[in-house]
Amino acid sequence: MKRIGAGIILGLCLGAAGAALAHQFGPAEGDHYQMGWTVLVRGAVICQDPYVRSSEREIECRSAGR
């Protein structure tokens, strides 16, 4: 039973550390590309990997959808 408790605590600590690192190194603000994202309008693909301007709340599509 002690091993199960220790495993749960270790898993929670590793998960929290991973989330903290992902937040720290991820592009939270500023201008950047959202690689791997798809822009949809009413179910139709508009573009892939949009360029995002967070300060202006704009999404720019440079590549055509597939």
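This text goes with the structure placed above it.
Residues numbered from 1 in each chain as written. Predicted model: local features only at pLDDT ≥ 70, side-chain atom pairs only at ≥ 80, totals over all residues. Heavy atoms only, no water.

## What to know about the pattern of salt bridges
Enumeration over the complete set of coordinates arrives at two salt bridges. The closest approach of N and O atoms between Glu58 and Arg53, which form a salt bridge, is 3.4 Å. With relative accessibility at 37%, the residue Glu58 sits in the partly exposed group. Taking the shortest distance from any N to any O, the salt bridge between Glu60 and Arg53 comes out at 2.9 Å. (Salt bridge = Lys/Arg side-chain N within 4 Å of Asp/Glu carboxyl O. Buried < 20%, exposed > 50% of the residue type's maximum accessible area, 1.4 Å probe, protein only.)

## Considering the state of the cysteines
A complete count under the given rule lists one disulfide for this structure. There is a disulfide in this structure between Cys47 and Cys61, and the S-S distance comes to 2.2 Å. Note on the Cys47 and Cys61 pair: the S-S dihedral is about -50°, so by sign convention the disulfide is left-handed. Remark: Cys61 occurs in the segment after β5 (58-60) and Cys47 occurs in strand β3 (residues 44-48); sequence separation between them is 14 residues. (Disulfide = S-S within 2.5 Å. Helix = DSSP H or I, 4+ residues; strand = E, 2+ residues; numbered from the N terminus.)

## Notes on unusual backbone geometry
Of note in this structure, Arg42 is not a glycine but carries a positive phi near 55°. Given a relative accessible area of 86%, Arg42 falls into the exposed group. Its identity as a non-glycine residue notwithstanding, Asp49 has a phi of 50°, on the positive side. Tracing the backbone shows Asp49 in the loop between β3 and β4 (51-53). The class for Asp49 is partly exposed, based on a relative accessible area of 27%.

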